[in-house]
Each structure stands twice: as structure tokens, then as C-alpha cells.
Amino acid sequence: LFFFLMIRRPPRSTQGVSSAASDVYKRQYQRRVHGIYLDIKDMSIPQKDFIQVETSVDFQDAAAAWNLITKKEQLYAYYFSKASWEAAKICTFQRSYESPGLFVLFRLLFSEGIEQLKAKAMKKGISEEEWKQMLAYSAAVLQNCGNYKSFGDKKFVPQIPPQKFLDILTCSSNFAEFNEAIMDIWNSVKDVIYLSDPPFQTLGFRDANGLTSYYSANMTKAEAIKIKEFEQAEHILSLIHISEPTRPERISYAVFCLKKKKKT
């Protein structure tokens, strides 16, 4: 067995994208989105795929099953779930370029009681319907680890207008302390989160009219197939494959690989 481990490096700065420290989420979407130069104009009334506010929430009662397992098993389940939630942050980087920024914005926004936050939003002129739209979108982003659906890979966009979205962000008790960081992230994602026309509509390879941050922006489907064929020929199993999306050249590397021992 051959074990290979590589830790993902922090994104480096390039000519088009600055990625140092707190700058990691700053993408110049106003001029360039996913390497595509656009003239983004009025985004206030998008005709997009929304998460409907009337989407139901179903609670699952696990109390009976929980009480049937031992204390040790309960602790195992608890810490396993906690570890899964922490590791799930990696999925935001593999979902889309804007997903990590959205995750940070919502973590900062909902760090206080939701009713307290709602009251402050209402004082700023946010309507009941707009508040529900924000909740629906943020819940979907957190549940899907990004702004694309886990099933179907289709992008969903905020139904709430951009200015109202920002107004709610500024209501957070964290806004005073993290004002600069919040505004940097918002300015980086405020346009692209409302885009859902091809190639922004679905996750996929760029040459297949899709977008993803799982592979480098210039990785083609044919190249991915060649890599898979090579792995199979060399008896290599890639458990996790991460690409560096902030680099202009193809830099892809495995986090963990197993090479099977050939039978003699």
C-alpha cells in the first residue's frame, strides 16, 4: 500500500485575484466572474430559481431511538456529527467560488437570537416577506453547503433584492466589529449570487457550459476522464480530489490516495 497525503495550501495571489489572509474571499466579480468578463448591470429584479418562502420544515423526532443507545454511543454520535459539521466547510470551497463567502456572512449574521435580529431588520424597513426570503435562502445555502442544490446541481438565487440583503447583513451585532470583512465579502459575491444563466446555471465543466470550484476553471471533461483512466490503470484510488481554483494554470492534487498492491 502506498499512502500519499498533501494538505491544501492557502490560495496564492495572482494578477487578477488577491487571496492573502482575510482577502481570500475577495473576487473581482464586478469585472470578472469565474474568469469570464461580464458587463453586470441592474441585478435588482432577477428572473431566477428561488427557494420558496412557503417551503415546509419537517422535524424528525429521534428521541426514542436516541434513548435506546448507550451513553458511550450517544457521545460517539454527538462528536461524529460535530466533526462532520466542521469538515463540511470544505464542501463550500468545492461547490462554487462564492459559497465560502456566503457561509461566513451567514455565520456572522445569525450569531445572535433570530427574533432579536428580525426586530432590528424590521426597524430598517425590511418587510415580513423579505425577512422570510432571507431565511429561506440562507437556510438553503447552509443545508447545501453552497448556492447550488445538492440534488441536481442547479443554482438557486436570493429572492430578496440585493439592497435589502445588505440591509439585513448590517443589522448583525457583528457588523460593527467585522464591518470591513463583511463588506469585502459582500462586494465580492453580490453580483454573482444573482446570476443563473449559463454557464452559472449548473455545476459542471466549463467546456460543458457549467461552472465549479471543484476543478480548476480550465479543466475539461476530457482531461478529467484521462486522469480517471490513468488512476485505474495504475490502480490508484483518489478518495478526495481538490483543485486550486485561484491559480491560472492547472494545479490539481489529491488529498489522500491509495495505491493498490498488484497481485503477483
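Residues numbered from 1 in each chain as written. Predicted model: local features only at pLDDT ≥ 70, side-chain atom pairs only at ≥ 80, totals over all residues. Heavy atoms only, no water.

## So, helix α4 (residues 99-109)
To keep things clear, this is the line we draw: Accessible area is worked out with a 1.4 Å probe on protein chains only. A residue is then buried under 20% of its type maximum, exposed over 50%, and partly exposed in between. By the criteria applied, helices consist of DSSP H or I runs no shorter than four residues and strands consist of E runs no shorter than two, each listed in order from the N terminus.
Here α4 lies mainly inside the structure; nine of its 11 residues are buried. Every buried residue of α4 is listed here: Ser99, Pro100, Gly101, Leu102, Phe103, Leu105, Phe106, Leu108 and Leu109.

## Digging into the pattern of salt bridges
Basically, it comes down to this: A carboxyl oxygen of Asp or Glu within 4 Å of a side-chain nitrogen of Lys or Arg is what we treat as a salt bridge.
What the rule picks out here adds up to five salt bridges. We note a salt bridge from Lys120 to Glu112, for which the minimum N-O separation is 3.2 Å. Given a relative accessible area of 27%, Lys120 falls into the partly exposed group. Across the pair Lys118 and Glu128 runs a salt bridge, and its minimum N-O distance is 3.1 Å. One end of the pair, Lys118, is in helix α5 (residues 114-123); the other, Glu128, is in helix α6 (residues 128-144), with 10 residues separating them in the sequence. Note on Glu128: relative accessible area 38%, which makes it partly exposed.

## Overview of the packing of aromatic side chains
The way to describe two aromatic rings as a pair is by their centre distance and the angle between their planes. The condition is simple: Aromatic rings from Phe, Tyr and Trp, with only the six-membered ring used for Trp, were paired whenever their centres fell within 6.5 Å, and each pair was classed as stacked if the ring planes differed by under 30 degrees, edge-to-face if by over 60, and tilted otherwise.
Throughout the structure, instances matching the rule amount to nine aromatic pairs. Measuring from centroid to centroid gives 6.1 Å for Phe106 and Tyr137, while their planes differ by 70°, and the two rings are edge-to-face. Within this pair, whereas Phe106 is found in helix α4, its partner Tyr137 is found in helix α6, the two being separated by 31 residues in sequence. Exposure class is identical for Phe106 and Tyr137. Each is buried. Arranged with centres 4.9 Å apart and planes meeting at 25°, the rings of Phe165 and Trp186 form a pair that is stacked.

## Digging into the layout of surface pockets
Stated formally: Points on a 1 Å grid over protein atoms alone make up a cavity when a 1.4 Å probe fits among them but cannot get out, and a pocket when they form an open set with protein on both sides within 12 Å along at least five of seven lines; lining residues each have an atom within 4 Å of a point. Grid points are joined across faces, edges and corners, and a volume is the space filled by probe spheres set on the points. As a working rule, the residues Ala, Val, Leu, Ile, Met, Phe, Trp, Tyr, Cys and Pro are called nonpolar, Asp, Glu, Lys and Arg charged, and the rest polar, with Gly in that last group.
In this structure, the second largest pocket encloses a volume near 320 Å³. Around the second largest pocket sit 14 residues that line it, and Ile51, Thr55, Ser56, Val57 and Ala139 are the ones nearest its centre. Taken together, the residues of the lining of the second largest pocket sort by class into eight nonpolar, three polar and three charged.

## A closer look at the packing of α6 against helix α7 (residues 162-169)
The criterion, for reference: Lines fitted to C-alpha atoms define the axes, with helix axes restricted to the stretch in contact, and inter-axis angles between N-to-C directions lie between 0 and 180 degrees. What sets the label is the angle itself: under 35 degrees gives roughly parallel, over 145 gives roughly antiparallel, 65 to 115 gives roughly perpendicular, and the rest give oblique. Residue contacts are defined here by distance: any two heavy atoms, one from each residue, within 4.5 Å place the two residues in contact.
With their axes 11 Å apart at the nearest point, α6 and α7 run at an angle of 80° to one another. When the axes of α6 and α7 are compared, the pair comes out roughly perpendicular. Counting all contacts with α6, which are made through Glu130, Trp131, Met134 and Tyr137, the residues of α7 involved are Lys164, Phe165, Ile168 and Leu169. In terms of residue class, the contact of α6 with α7 is made up of six nonpolar, no polar and two charged.

## Side note on the nonpolar core
Under the convention used in this document: Definition of nonpolar core: a set of buried residues of the types Ala, Val, Leu, Ile, Met, Phe, Trp, Tyr and Cys, connected through side-chain atoms within 4.5 Å.
Ranked by size, the top nonpolar core spans 35 residues in total, and within it Phe106, Met134, Tyr137, Phe165, Ile168 and Ile193 carry the most contacts. Where this core is concerned, the elements lending two or more residues are α4, α5, α6, α7 and α8 (179-189). For this core, the element with the most residues is α6, which contributes six residues. Other than its neighbours up to four places away in sequence, Ile193 contacts Glu98, Leu102, Tyr137, Asn147, Lys155, Val157, Pro158, Phe165 and Trp186.

Scope: geometric values only; no functional claims are made or implied.
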